[in-house]
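# Structural description and commentary
The chain contents come next:
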Amino acid sequence: MKKIIRFELIAMALLAVVSCKEVKKEATDAATEVETVAEEVTETVMAENITFMMEPKSDSSVKGEVSFTDEDGTVSMKAMLTGLTEGEHAIHIHQTADCSSDDGKSTGGHWNPTNEPHGKWQAEEGYHKGDIGNFIADAEGNALVEFSTDQWCIGCEDENKNIVGKAVIVHQGVDDFTSQPSGAAGKRVSCTGIIQ
Ligand SMILES: [Cu+2]
């Protein structure tokens, strides 16, 4: 009789150990899952995104939406524009987030914190940090402009990189990349401030 009881006790003890291990494993799995979700949430917060509506200037009807996303030190710009004339147009970042004037000139000249000559993006001879370049509008006057760089940031300490407080300008004409200091891109037809 004693032997049987002892056996049962051992069996129960073994069972307890096994089930305890299983609970532990489940708890570990749950903890890992929580960590993974937490990481995903942090990543989403880290990928900063700001979006603005562009308004027509110089009696144009050019408008649209421009967004900037900062992810792992690379800023991606996406502009969706309507109301353009078919063909090529320039787009730049200008120095001041002030679109109050009818001709968009309240934004000042190109954003050029490094005091370089105007030029094509990443040209050896130099270029402005706002020298995005040209894009093409389709026959309906629509355009999607996509650009990304690690030379910009959204609201960081480095004023050579920080696009906040500047403006996006779309021009009626084409940037020739040689005329100083603006590329002779003509009228400013759409504008938004980059304000956080
Ligand atoms: Cu410009």
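Refer to the preceding data block for the structure.
Note that the structure is a prediction, hence the values are computed from the model and not measured.

A word on the overall build of the protein. Each helix and strand counted, the protein has 1 helix and 8 strands in total. Along the chain direction, N to C, the helices and strands of the protein fall in the order α-β-β-β-β-β-β-β-β. Relative to its 196 residues, the protein shows a buried fraction of 27%.

All right, on to the nonpolar core then. Proteins that are soluble and globular tend to have nonpolar side chains buried together. In terms of nonpolar packing, the biggest core is built from 31 residues, with Met54, Leu81, Ile91, Ala167, Val168 and Val170 touching the most fellow members. Those elements that provide at least two residues to this core are strand S1 (48-56), strand S2 (63-71), strand S3 (74-82), strand S4 (87-94), strand S6 (143-149), strand S7 (167-171) and strand S8 (188-193). Other than its neighbours up to four places away in sequence, Val170 contacts Met54, Val62, Leu81, His89, Ile91, Val189 and Ser190.

Turning our eyes to something else, we now look at the sheet that holds S1. The strand order S5-S4-S7-S8-S1-S2-S3-S6 describes an open sheet built from 8 strands, whose pairing is antiparallel. A single partner strand is all that each edge strand has here, and the edge strands are strand S5 (133-137) and S6. Across this sheet, the average inter-strand angle for adjacent strands is 20°, counted without regard to direction. With 5 bridges connecting them, S7 and S8 associate as antiparallel partners. Paired with Ala167 across the strands is Gly193, a residue of S8.

Another point: the pairing of S7. The buried fraction of S7 is high, at 5 of 5 residues. The alternating pattern of S7 places Ala167, Ile169 and His171 and Val168 and Val170 on opposite faces, both of which are buried. Two elements, S4 and S7, share 4 bridges in a ladder whose sense is antiparallel. Along S7, the bridge assignment pairs His92 with Ile169.

Here the focus is the pairing of S2. Pairing of S1 with S2, which is carried by 7 bridges, proceeds in the antiparallel orientation. Pairing of Ile50 across the sheet is with Phe68, part of S2. Once S1 ends, the chain turns through 6 residues before running back antiparallel as S2, passing Ser58 with a positive phi of about 55°. Where S2 and S3 come together, 9 bridges link them in antiparallel fashion. In the strand pairing of S3, Val66 is matched with Ala79.

We now examine the environment of Val164. Mapped onto the elements of the fold, Val164 is located in the loop between S6 and S7. Assessed through the 16 C-beta atoms surrounding it within 10 Å, Val164 is described here as partly exposed. Once the C-alpha coordinates of Val164 and Gln95 are considered, the two residues, 69 residues apart in sequence, prove to be 9.8 Å apart. Excluding residues within four positions of it along the chain, Val164 makes contact with Ile154, Gly155, Ile194 and Gln196.

What counts and how
Residues numbered from 1 in each chain as written. Predicted model: local features only at pLDDT ≥ 70, side-chain atom pairs only at ≥ 80, totals over all residues. Helix = DSSP H or I, 4+ residues; strand = E, 2+ residues; numbered from the N terminus. Buried ≥ 20, exposed ≤ 12 C-beta atoms within 10 Å, placed from the backbone. Core = buried A, V, L, I, M, F, W, Y, C linked by C-beta atoms within 7 Å. Contact = placed C-beta atoms within 7 Å. Pairing = 2+ DSSP bridges. Axes fitted to C-alpha atoms, helices over the stretch in contact; angles between N-to-C directions.

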